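What follows is each chain in one-letter form.
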Amino acid sequence: MKSGLMPKNWHFIVELPPRSDCETVVEKSWDIHLTEGILFEGQRFLFPEGCFVSVALHWLEPALLTVQLFLRTEVVGECARCLAEASLAIQDDLMYLYHLCDLEWGKDTRLESDEGFLPVEVEFFGRTIDLADQVWETLLLLLPIRLLCKEDCRGLCPECGADLNQGPCGCERQDGDPRFAVLGSFIFDSD
Ligand SMILES: [Zn+2]
Ligand SMILES: [Zn+2]
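In short, a report on the structure.

What counts as what
Residues numbered from 1 in each chain as written. Chains lettered and ligands numbered in written order. Predicted model: local features only at pLDDT ≥ 70, side-chain atom pairs only at ≥ 80, totals over all residues. Heavy atoms only, no water. Donors = N, O, S within 2.8 Å, 3.2 Å for Na, K, Ca; no water. Tetrahedral: all angles 85-135°; square planar, octahedral: opposite > 155°, others 65-115°. Helix = DSSP H or I, 4+ residues; strand = E, 2+ residues; numbered from the N terminus. Buried < 20%, exposed > 50% of the residue type's maximum accessible area, 1.4 Å probe, protein only. Salt bridge = Lys/Arg side-chain N within 4 Å of Asp/Glu carboxyl O. Core = buried A, V, L, I, M, F, W, Y, C linked by side-chain atoms within 4.5 Å. Contact = heavy atoms within 4.5 Å.

### Some points on the coordination of the zinc ion (ligand 2)
Here the zinc ion (ligand 2) is held by Cys157 (SG), Cys160 (SG), Cys169 (SG) and Cys171 (SG), and the distances to it run 2.2 to 2.3 Å. Relative to the metal, the four donor atoms surrounding the zinc ion (ligand 2) lie at angles of 106 to 112°, and the coordination shape comes out tetrahedral. We note that the donor set of the zinc ion (ligand 2) lies within a single chain, spaced as C-x2-C-x8-C-x1-C. Here the residue Cys157 occupies a position in the loop between α1 (132-142) and α2 (181-190), and Cys171 occupies one in the loop between α1 and α2, the gap between them amounting to 14 residues.

Below you can see the structure in the form of structure tokens.
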């Protein structure tokens, strides 16, 4: 099974301003279709509305390229507790800082460190840059650890599998070791 693999033809190519030009901000956006969804950490995530990505990049100084990456989507999958369909709107932006791998901070740059940025080392800067890895990373970073149909989803009864959101199934009072009954009621009461 594929797990968190970047889709084929996943490219986000942007033309760079000349390195001496620290004024120009290049903006570009994409509407992505993720028709097969993503299998990540054992969960299937679907994106029926697709995914919107936009970037704004500029040379912070001639050796440092900043890329502000914004991503917005709605992710749909199974509720981690009751397996019903669950969805979550996600959006965030991340600030990447691209620089050459042999860069010496404070010597080649005015900036003393990459603090506050997500650093990306590159071998060289060409006329264009492909932001594929960072868009993919951003998408995975923003996926929820687990989806819930609602915050207080009661889940399924471990005994009979009934959906406890529909009401109690009647298992609670019958199951379990009677020696734990006192403990159980204690935990319940103290809540
Ligand atoms: Zn649920
Ligand atoms: Zn039950």
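### Notes on the side chain of Thr138
Residue placement: Thr138 occurs in helix α1. Using a relative accessible area of 0% as the deciding quantity, one classes Thr138 as buried.

### Describing the coordination of the zinc ion (ligand 1)
Each protein donor to the zinc ion (ligand 1) is listed here as Cys79 (SG), Cys82 (SG), Cys149 (SG) and Cys153 (SG); together their distances run 2.3 Å. For Cys79, a relative accessible area of 1% corresponds to the buried category.

### Description of the pattern of salt bridges
Once their charged atoms are close, side chains differing in charge can pair, the charge on each being opposite to the other. Inspection of every chain in the model, using the stated rule, returns one salt bridge. Close ionic contact of Glu104 with Lys107 constitutes a salt bridge, the shortest N to O distance being 3.8 Å. Classification of Glu104 by relative accessible area gives partly exposed; the value is 41%. Taking relative accessible area as the criterion, Lys107 reaches 62% and is therefore assigned exposed.

### Things to note about the nonpolar core
Generally speaking, a soluble globular protein has its nonpolar side chains buried in company with each other. In this structure, Trp10, Leu65, Tyr98, Ile129, Leu131 and Leu139 are the most contacted members of the largest nonpolar core, which totals 42 residues. When residues of this core are traced back to their parent elements, those giving at least two are β2 (26-32), β5 (51-61), β6 (64-78), β7 (85-100), β8 (118-122) and α1. If one sorts the elements of this core by residue count, α1 sits on top with six residues. Once residues within four sequence positions are removed from consideration, Tyr98 is found in contact with Ala63, Leu64, Leu65, Val67, Val120, Val122, Phe125, Ile129, Leu131 and Gln134.

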